[in-house]
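# Survey of secondary and tertiary structure
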Amino acid sequence: MAEVIVVRDPAEAGAFVAAHIAEQVRSRPEFTLGVATGSTPLPVYEALRAEADRGTDFTRMSAFALDEYVGLPAGHPESYRAVVDREVTEPLGLDPARVHVPDGSAEGIRTAGERYEAALQEHGGVDLQLLGIGRTGHLGFNEPGSSFGSLTRVKTLTERTRIDNARFFASLDDVPVHCVTQGLGTILRARHLVLLAFGESKAEALAAAVEGPVSASMPGSAIQLHPRVTVVVDEGAASQL
Ligand code: GLP
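Residues numbered from 1 in each chain as written. Predicted model: local features only at pLDDT ≥ 70, side-chain atom pairs only at ≥ 80, totals over all residues.

### Looking at the nonpolar core
Which entries qualify depends on this criterion: One nonpolar core equals one set of buried Ala, Val, Leu, Ile, Met, Phe, Trp, Tyr and Cys residues connected by C-beta atoms within 7 Å. Exposure in this text rests on C-beta crowding, where 20 or more other C-beta atoms within 10 Å of a residue's own make it buried, 12 or fewer make it exposed, and counts in between make it partly exposed. The C-beta atoms are placed from the backbone. The helix and strand labels rest on DSSP assignments: H or I over at least four residues marks a helix, E over at least two residues marks a strand, and numbering proceeds from the N terminus. Residue pairs qualify as contacts under a 7 Å threshold applied to their C-beta atoms, which are placed from the backbone.
Core analysis: the largest hydrophobic core is formed by 66 residues, its most contacted members being Ala 63, Val 84, Val 194 and Leu 195. The element best represented in this core is helix H1 (residues 10-27), accounting for six residues. Ignoring sequence-local partners within four residues, the contact set of Val 84 consists of Val 35, Thr 37, Ala 63, Ala 65, Thr 89, Val 99 and Val 101.

And the structure:
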(Lines give C-alpha, C1' and ligand atoms only; values in the text may rest on other atoms or scores of the structure.)
Protein backbone atom coordinates (compact mmCIF):
# COMPACT_ATOMS: atom_id res chain seq x y z
CA MET A 1 0.00 0.00 0.00
CA ALA A 2 1.02 3.58 -0.54
CA GLU A 3 2.78 5.42 2.25
CA VAL A 4 0.05 7.64 3.78
CA ILE A 5 1.06 10.72 5.77
CA VAL A 6 -1.69 12.58 7.63
CA VAL A 7 -0.85 16.22 8.34
CA ARG A 8 -2.67 18.98 10.26
CA ASP A 9 -3.49 21.22 7.33
CA PRO A 10 -2.59 22.03 3.70
CA ALA A 11 0.20 24.38 4.78
CA GLU A 12 1.93 21.56 6.66
CA ALA A 13 1.51 19.29 3.63
CA GLY A 14 3.00 21.97 1.38
CA ALA A 15 6.00 22.49 3.64
CA PHE A 16 6.61 18.72 3.91
CA VAL A 17 6.46 18.06 0.18
CA ALA A 18 8.40 21.21 -0.76
CA ALA A 19 11.18 20.36 1.70
CA HIS A 20 11.55 16.95 0.02
CA ILE A 21 11.62 18.48 -3.49
CA ALA A 22 14.10 21.16 -2.43
CA GLU A 23 16.41 18.54 -0.93
CA GLN A 24 16.34 16.59 -4.21
CA VAL A 25 16.99 19.74 -6.25
CA ARG A 26 19.97 20.68 -4.08
CA SER A 27 21.60 17.33 -4.79
CA ARG A 28 20.49 17.20 -8.45
CA PRO A 29 19.67 20.65 -9.89
CA GLU A 30 18.30 19.17 -13.13
CA PHE A 31 15.46 17.52 -11.26
CA THR A 32 12.15 17.17 -13.16
CA LEU A 33 8.95 18.01 -11.34
CA GLY A 34 5.55 16.93 -12.63
CA VAL A 35 3.21 19.80 -11.81
CA ALA A 36 -0.53 19.59 -11.21
CA THR A 37 -3.07 22.40 -11.20
CA GLY A 38 -6.31 23.00 -9.29
CA SER A 39 -6.34 24.24 -5.70
CA THR A 40 -4.67 21.23 -4.08
CA PRO A 41 -0.99 21.74 -5.05
CA LEU A 42 -0.98 25.50 -4.34
CA PRO A 43 0.41 25.10 -0.77
CA VAL A 44 3.32 23.12 -2.25
CA TYR A 45 4.11 25.93 -4.69
CA GLU A 46 3.91 28.49 -1.88
CA ALA A 47 6.30 26.42 0.22
CA LEU A 48 8.66 25.99 -2.77
CA ARG A 49 8.80 29.79 -3.03
CA ALA A 50 9.81 29.87 0.64
CA GLU A 51 12.52 27.28 -0.09
CA ALA A 52 13.76 29.51 -2.93
CA ASP A 53 13.81 32.51 -0.56
CA ARG A 54 15.91 30.44 1.84
CA GLY A 55 18.43 29.81 -0.92
CA THR A 56 17.50 26.67 -2.90
CA ASP A 57 18.28 27.31 -6.56
CA PHE A 58 15.47 25.96 -8.74
CA THR A 59 16.63 27.60 -11.96
CA ARG A 60 17.80 24.36 -13.60
CA MET A 61 14.72 22.35 -12.66
CA SER A 62 12.36 21.24 -15.45
CA ALA A 63 8.59 20.92 -15.16
CA PHE A 64 5.94 18.98 -17.07
CA ALA A 65 2.27 19.77 -16.50
CA LEU A 66 -0.37 17.06 -16.33
CA ASP A 67 -3.00 18.63 -18.51
CA GLU A 68 -4.47 21.65 -20.29
CA TYR A 69 -7.88 22.85 -21.35
CA VAL A 70 -8.65 22.85 -25.07
CA GLY A 71 -9.67 26.05 -26.79
CA LEU A 72 -9.06 28.79 -24.22
CA PRO A 73 -7.74 31.97 -25.83
CA ALA A 74 -3.93 32.30 -25.57
CA GLY A 75 -3.00 33.94 -22.29
CA HIS A 76 -6.35 33.16 -20.59
CA PRO A 77 -5.55 33.44 -16.85
CA GLU A 78 -7.13 30.05 -16.09
CA SER A 79 -5.35 28.16 -18.83
CA TYR A 80 -3.00 25.73 -17.11
CA ARG A 81 -0.09 27.29 -19.02
CA ALA A 82 -0.90 30.61 -17.33
CA VAL A 83 -1.38 28.97 -13.91
CA VAL A 84 1.93 27.07 -14.11
CA ASP A 85 3.78 30.20 -15.24
CA ARG A 86 2.23 32.27 -12.42
CA GLU A 87 2.63 29.71 -9.62
CA VAL A 88 5.83 27.91 -10.58
CA THR A 89 7.88 29.20 -13.53
CA GLU A 90 8.08 32.88 -12.63
CA PRO A 91 8.35 32.75 -8.81
CA LEU A 92 10.92 29.94 -8.83
CA GLY A 93 12.90 31.46 -11.71
CA LEU A 94 12.62 28.40 -13.95
CA ASP A 95 13.83 28.66 -17.52
CA PRO A 96 10.56 28.89 -19.56
CA ALA A 97 12.14 26.59 -22.17
CA ARG A 98 12.20 23.84 -19.52
CA VAL A 99 8.53 24.19 -18.60
CA HIS A 100 6.19 22.03 -20.66
CA VAL A 101 2.40 22.19 -20.81
CA PRO A 102 0.29 20.25 -23.35
CA ASP A 103 -0.83 22.39 -26.29
CA GLY A 104 -4.57 23.01 -25.94
CA SER A 105 -4.90 25.41 -28.87
CA ALA A 106 -7.52 24.38 -31.40
CA GLU A 107 -4.90 24.03 -34.17
CA GLY A 108 -2.59 21.97 -31.96
CA ILE A 109 -4.85 19.34 -30.44
CA ARG A 110 -4.74 16.76 -33.21
CA THR A 111 -1.06 16.07 -32.54
CA ALA A 112 -0.71 17.54 -29.04
CA GLY A 113 -0.75 14.16 -27.28
CA GLU A 114 1.92 12.56 -29.42
CA ARG A 115 4.14 15.61 -29.31
CA TYR A 116 3.87 15.83 -25.53
CA GLU A 117 4.68 12.15 -25.03
CA ALA A 118 7.68 12.49 -27.34
CA ALA A 119 8.96 15.54 -25.44
CA LEU A 120 8.54 13.73 -22.12
CA GLN A 121 10.33 10.64 -23.33
CA GLU A 122 13.16 12.58 -24.94
CA HIS A 123 13.60 14.48 -21.70
CA GLY A 124 13.91 11.29 -19.67
CA GLY A 125 10.62 11.39 -17.76
CA VAL A 126 9.46 12.89 -14.50
CA ASP A 127 11.24 12.40 -11.17
CA LEU A 128 8.37 13.38 -8.88
CA GLN A 129 4.79 13.83 -10.03
CA LEU A 130 2.47 15.95 -7.89
CA LEU A 131 -1.14 14.81 -8.10
CA GLY A 132 -4.48 16.03 -6.81
CA ILE A 133 -7.62 13.95 -7.13
CA GLY A 134 -11.01 15.03 -8.43
CA ARG A 135 -14.24 14.05 -6.70
CA THR A 136 -14.89 11.69 -9.63
CA GLY A 137 -11.53 10.09 -8.80
CA HIS A 138 -9.79 11.67 -11.77
CA LEU A 139 -6.01 12.10 -11.95
CA GLY A 140 -5.02 14.88 -14.31
CA PHE A 141 -8.20 14.87 -16.37
CA ASN A 142 -8.44 11.09 -16.67
CA GLU A 143 -12.08 10.64 -15.82
CA PRO A 144 -13.64 7.28 -14.86
CA GLY A 145 -13.28 4.78 -17.69
CA SER A 146 -9.78 5.96 -18.69
CA SER A 147 -7.50 3.05 -19.49
CA PHE A 148 -4.55 2.41 -17.19
CA GLY A 149 -2.29 2.22 -20.24
CA SER A 150 -3.47 5.53 -21.75
CA LEU A 151 -1.00 8.17 -22.92
CA THR A 152 -1.44 11.93 -23.46
CA ARG A 153 -4.56 12.59 -25.54
CA VAL A 154 -7.69 14.70 -25.92
CA LYS A 155 -10.52 13.87 -23.50
CA THR A 156 -13.99 15.18 -22.71
CA LEU A 157 -14.56 16.56 -19.21
CA THR A 158 -17.43 15.16 -17.16
CA GLU A 159 -20.23 17.52 -16.15
CA ARG A 160 -19.21 16.98 -12.47
CA THR A 161 -15.65 18.19 -13.18
CA ARG A 162 -16.87 21.16 -15.25
CA ILE A 163 -19.15 22.20 -12.37
CA ASP A 164 -16.32 21.74 -9.83
CA ASN A 165 -13.98 23.87 -11.95
CA ALA A 166 -16.58 26.56 -12.75
CA ARG A 167 -15.36 28.45 -9.67
CA PHE A 168 -12.29 29.48 -11.69
CA PHE A 169 -14.44 30.90 -14.54
CA ALA A 170 -17.14 33.56 -14.91
CA SER A 171 -19.81 30.93 -15.58
CA LEU A 172 -20.24 27.20 -16.26
CA ASP A 173 -20.61 27.97 -19.96
CA ASP A 174 -17.08 29.37 -19.98
CA VAL A 175 -15.54 26.10 -18.72
CA PRO A 176 -14.05 24.21 -21.66
CA VAL A 177 -15.59 20.86 -22.60
CA HIS A 178 -12.35 19.22 -23.78
CA CYS A 179 -8.83 18.93 -22.48
CA VAL A 180 -5.47 17.38 -23.33
CA THR A 181 -4.27 15.23 -20.45
CA GLN A 182 -1.40 12.91 -19.69
CA GLY A 183 -2.79 9.39 -19.62
CA LEU A 184 -2.74 7.13 -16.59
CA GLY A 185 0.02 5.19 -18.34
CA THR A 186 2.02 8.42 -18.68
CA ILE A 187 1.52 9.27 -15.01
CA LEU A 188 2.53 5.77 -13.88
CA ARG A 189 5.93 6.19 -15.58
CA ALA A 190 6.96 8.99 -13.21
CA ARG A 191 9.52 7.73 -10.71
CA HIS A 192 7.68 8.93 -7.58
CA LEU A 193 4.00 9.85 -7.24
CA VAL A 194 2.94 12.30 -4.52
CA LEU A 195 -0.85 12.46 -4.20
CA LEU A 196 -2.31 15.27 -2.11
CA ALA A 197 -5.90 15.66 -0.92
CA PHE A 198 -7.54 18.02 1.55
CA GLY A 199 -11.02 18.18 3.04
CA GLU A 200 -13.89 15.77 3.50
CA SER A 201 -15.18 16.32 -0.04
CA LYS A 202 -12.18 14.25 -1.21
CA ALA A 203 -12.48 11.49 1.42
CA GLU A 204 -14.54 9.06 -0.67
CA ALA A 205 -12.39 9.34 -3.80
CA LEU A 206 -9.19 9.21 -1.75
CA ALA A 207 -10.20 6.03 0.09
CA ALA A 208 -11.28 4.39 -3.16
CA ALA A 209 -7.96 5.36 -4.78
CA VAL A 210 -5.75 4.20 -1.94
CA GLU A 211 -7.47 1.03 -0.79
CA GLY A 212 -10.44 0.29 -3.05
CA PRO A 213 -10.48 -2.18 -5.93
CA VAL A 214 -8.09 -1.34 -8.78
CA SER A 215 -10.50 -0.43 -11.55
CA ALA A 216 -10.76 1.86 -14.56
CA SER A 217 -13.97 3.19 -13.02
CA MET A 218 -11.76 4.77 -10.31
CA PRO A 219 -8.78 6.34 -12.13
CA GLY A 220 -7.12 7.21 -8.81
CA SER A 221 -6.77 3.49 -8.03
CA ALA A 222 -4.04 3.35 -10.69
CA ILE A 223 -1.64 4.56 -7.98
CA GLN A 224 -1.85 1.08 -6.44
CA LEU A 225 0.09 -0.23 -9.46
CA HIS A 226 3.04 2.10 -8.79
CA PRO A 227 5.94 0.98 -6.60
CA ARG A 228 6.61 4.40 -5.02
CA VAL A 229 3.63 6.47 -3.92
CA THR A 230 3.36 8.97 -1.08
CA VAL A 231 -0.12 10.17 -0.12
CA VAL A 232 -0.22 13.39 1.91
CA VAL A 233 -3.64 14.24 3.34
CA ASP A 234 -5.34 16.18 6.10
CA GLU A 235 -7.72 14.48 8.54
CA GLY A 236 -10.79 15.39 6.48
CA ALA A 237 -9.49 13.68 3.36
CA ALA A 238 -8.22 10.73 5.43
CA SER A 239 -11.58 10.27 7.21
CA GLN A 240 -12.71 7.26 5.14
CA LEU A 241 -9.40 5.39 5.18
C1 GLP B 1 -8.51 19.49 -11.75
C2 GLP B 1 -7.17 19.07 -12.39
C3 GLP B 1 -6.54 17.94 -11.61
C4 GLP B 1 -6.78 18.20 -10.13
C5 GLP B 1 -8.25 18.01 -9.82
C6 GLP B 1 -8.66 18.42 -8.42
O7 GLP B 1 -9.51 19.76 -12.61
N8 GLP B 1 -7.18 18.78 -13.77
O9 GLP B 1 -5.16 17.84 -11.93
O10 GLP B 1 -6.05 17.33 -9.35
O11 GLP B 1 -9.06 18.56 -10.83
O12 GLP B 1 -8.80 19.81 -8.33
P13 GLP B 1 -8.69 20.60 -6.97
O14 GLP B 1 -7.30 20.41 -6.50
O15 GLP B 1 -8.95 22.03 -7.32
O16 GLP B 1 -9.69 20.02 -6.05
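That was the structure; now back to the text.
### Some points on the site of the ligand
Cut-off, in case you're wondering: To decide whether a residue is near a molecule or strand, its C-beta atom is placed from the backbone and checked for lying within 6 Å of it. Residue polarity follows a fixed list, in which Ala, Val, Leu, Ile, Met, Phe, Trp, Tyr, Cys and Pro are nonpolar, Asp, Glu, Lys and Arg are charged, and the others, Gly among them, are polar.
In the region of the ligand, 14 residues are neighbours, and Gly 38, Ser 39, Thr 40, Gly 132 and Gly 134 sit closest. Its residues assigned to classes, the shell around the ligand shows four nonpolar, nine polar and one charged.

### Describing the UniProt feature "active site" (unreviewed entry) in the protein chain
Going by this rule: UniProt positions are given in the numbering used here, feature names are shortened, and annotations may be inferred rather than shown by experiment.
Taking the UniProt record as the reference, the feature "active site" (unreviewed entry) is found at Asp 67, His 138 and Glu 143. The annotated residues occupy 77 residues of the chain but converge on a single region, no pair of C-alpha atoms lying more than 12.4 Å apart. As for its position among the elements, Asp 67 is in strand E4 (residues 67-69). If we ignore the near neighbours within four places in the chain, the residues touching Asp 67 are Tyr 80, Pro 102, Gly 140, Phe 141, Cys 179, Val 180, Thr 181 and Gln 182. Position of Glu 143 among the secondary structure elements: in the loop between strand E6 (128-131) and strand E7 (153-156). For Glu 143, the contacting residues outside a window of four places in its chain are Thr 136, His 138, Lys 155, Thr 158, Thr 161 and Pro 219.

### Re the environment of Val 126
With respect to the helices and strands, Val 126 occurs in the loop between helix H4 (109-123) and E6. A residue is classified by how many C-beta atoms lie within 10 Å of it, and Val 126, with 25 of them, is buried. Expressed as a C-alpha distance, the spacing of Val 126 and Ile 109, which sit 17 residues apart in the sequence, is 22 Å. Once you skip the residues sitting within four places of it in the chain, Val 126 turns out to touch Thr 32, Gly 34, Phe 64, Ala 190 and Arg 191.

### Some thoughts on the packing of helix H2 (residues 42-53) against helix H3 (residues 80-92)
Note the cut-off: Axis definition: a line fitted to C-alpha atoms, over the contacting stretch in the case of helices. Angles run 0 to 180 degrees between N-to-C directions. Should an angle fall under 35 degrees it is called roughly parallel, over 145 degrees roughly antiparallel, and 65 to 115 degrees roughly perpendicular, with every other angle called oblique.
Direction vectors running N to C along H2 and H3 enclose 10°, while the axes themselves pass 10 Å from each other. Taken together, the axes of H2 and H3 lie roughly parallel to each other. Contacts between H2 and H3 involve Leu 42, Tyr 45, Leu 48, Arg 49 and Ala 52 from the former and Glu 87, Val 88, Pro 91 and Leu 92 from the latter. A class-by-class count of the residues in the contact of H2 with H3 yields seven nonpolar, no polar and two charged.

### Notes on the environment of Thr 181
Turning to its location among the elements, Thr 181 is positioned in strand E8 (residues 178-181). Since 32 C-beta atoms lie within 10 Å of it, Thr 181 is described here as buried. Separated by 137 residues in the primary sequence, Thr 181 and Val 44 have C-alpha atoms spaced 21 Å apart. Among all residues touching Thr 181, those that are not within four sequence positions of it are Leu 66, Asp 67, Gly 140, Phe 141, Asn 142, Thr 152 and Lys 155.

### Comments concerning the sheet that holds strand E3 (residues 62-65)
Spelled out, the test is: Two strands form a pair only when DSSP identifies at least two bridges running between them.
Pairing is parallel across the open sheet formed by seven strands, whose spatial order is E1-E10-E9-E6-E2-E3-E5. What marks the edges here is a single partner per strand, and that holds for strand E1 (3-6) and strand E5 (99-100). Pairing of strand E2 (residues 32-35) with E3 involves four bridges; the strand directions are parallel. Across the sheet, the residue bridging to Thr 32 is Ser 62, located in E3.

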